[in-house]
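These are the residues of each chain, in order.
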Amino acid sequence: MAVLSAIAFVTVFVFVPEIPTGEPPTVQAYRGALRTPATVATVSTTLLFMAAQFTVYGIAGAYLKDRFDASSGLISVTLLAFGVIGVAGNASAPRIAERLGGERTVGLAVIGLALGFALLLVAPHSTAGLVFFAFWAFFSQLYQAPQQARLVELVPLQPGLILALNAAALYLGMSLGSFIGSSLLPGVGAGPIPAAALGVLVLAALAHLLSVRQASAAKVAEQSATPVHIS
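Residues numbered from 1 in each chain as written. Predicted model: local features only at pLDDT ≥ 70, side-chain atom pairs only at ≥ 80, totals over all residues. Heavy atoms only, no water.

**Section: the layout of surface pockets**
Here is step 1 of the chain: In this structure, the largest pocket encloses a volume near 270 Å³.
Here is step 2 of the chain: Residue lining of the largest pocket: Thr-36, Pro-37, Gly-102, Glu-103, Arg-150, Glu-153, Leu-154, Ala-215, Ala-218, Lys-219 and Glu-222, and that is the complete set.
Here is step 3 of the chain: Listed by contribution, the elements that provide at least two residues to the lining of the largest pocket are α6 (102-122), α9 (144-154) and α11 (193-225).
Here is step 4 of the chain: Ranked by residue count, the leading element in the lining of the largest pocket is α11, at four residues. (1 Å grid on protein atoms, 1.4 Å probe; cavity = no way out; pocket = protein on both sides within 12 Å on 5 of 7 lines; lining within 4 Å. Points joined across faces, edges and corners; volume = space filled by probe spheres on them. Helix = DSSP H or I, 4+ residues; strand = E, 2+ residues; numbered from the N terminus.)

Written as structure tokens, this is what we have:
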């Protein structure tokens, strides 16, 4: 892990361009960012999306053993496949977002994750069912880049601040989802866990729709307020 981390550090240092972080954050800057239309709904989408994902993924080892009777070796292979597919989703995100737009790409990620959870509910109780678990990794990582780009577009003067808030929501969602999954597993078993994740994902979808509506309304209001000069 230390060697891989060192390689990652050097790679980022050499290839990732410097990104302006904006003005230093202040209490007033935080207030201004949170008052910007659609930011709270967008950050809430991140929290709920990650909570839905980690309701299943946060207990992956126990879930795969209980649901598919997977051995420790098969669990390792499945999680490896999940990671590789997730990297593919993350790498594909910019191209898909360029074609569909950030809002639609986030919507696609939500729909894909919902489909993945639905497939887990009907997957066979056998090794073949492990394929269904790895399927939704693509959409889980498709989400991140376009959502971050939307937030920077909403708060262009404070990109570092708004991305920090999004990161906080992301980790809070991971904790919340892991808590939900680990609380349910002993009582109900692995079978119904994706249904609980779907319930949380519905809330994420509603938050996303609200963010899209608020962002659109803010753009219309801004265009209406812009004076038109007739020469």
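**Describing the pattern of salt bridges**
Here is step 1 of the chain: Summed over the entire model, instances satisfying the criterion amount to one salt bridge.
Here is step 2 of the chain: For Lys-219, the salt bridge identified is with Glu-153, shortest N-O distance 3.8 Å. Remark: Glu-153 occurs in helix α9 and Lys-219 occurs in helix α11; sequence separation between them is 66 residues.
Here is step 3 of the chain: Glu-153 sits in the exposed class, given a relative accessible area of 55%. (Salt bridge = Lys/Arg side-chain N within 4 Å of Asp/Glu carboxyl O. Buried < 20%, exposed > 50% of the residue type's maximum accessible area, 1.4 Å probe, protein only.)

**Comments concerning the side chain of Arg-67**
Here is step 1 of the chain: Within the element layout of this structure, Arg-67 appears in helix α4 (residues 60-68).
Here is step 2 of the chain: Buried charge Arg-67 goes without a salt bridge, the closest partner of opposite sign being Asp-66 at 7.3 Å. (Lys, Arg positive; Asp, Glu negative; His and termini not counted.)

**A short note on the environment of Gln-53**
Here is step 1 of the chain: In this structure, Gln-53 sits in helix α3 (residues 39-57).
Here is step 2 of the chain: Assessed through its relative accessible area of 2%, Gln-53 is described here as buried.
Here is step 3 of the chain: For the pair Gln-53 and Phe-9, spaced 44 residues apart in the sequence, the C-alpha separation amounts to 27 Å.
Here is step 4 of the chain: Sequence-distant contacts of Gln-53, that is, excluding residues within four places in its chain, are made with Leu-113, Phe-117, Trp-136, Ser-140 and Gln-141. (Contact = heavy atoms within 4.5 Å.)

**A short note on the packing of aromatic side chains**
Here a ring pair, both rings aromatic, is described through the centre-centre distance and the interplanar angle of the planes.
Here is step 1 of the chain: In this structure the tally under the stated criterion is 12 aromatic pairs.
Here is step 2 of the chain: When the ring of Phe-138 is compared with that of Phe-139, the centres are 5.4 Å apart and the planes differ by 80°; the resulting orientation is edge-to-face.
Here is step 3 of the chain: Taking the relative accessible area as the measure of exposure, Phe-138 reaches 22% and is therefore partly exposed.
Here is step 4 of the chain: In textbook terms, an aromatic cluster arises when at least three aromatic residues are bridged by ring pairs, as seen for Phe-54, Tyr-57, Tyr-63, Phe-68, Phe-82, Phe-117, Phe-133 and Trp-136. (Phe/Tyr/Trp six-rings, centres within 6.5 Å; stacked < 30°, edge-to-face > 60°.)

Nothing here speaks to function; it is geometry throughout.
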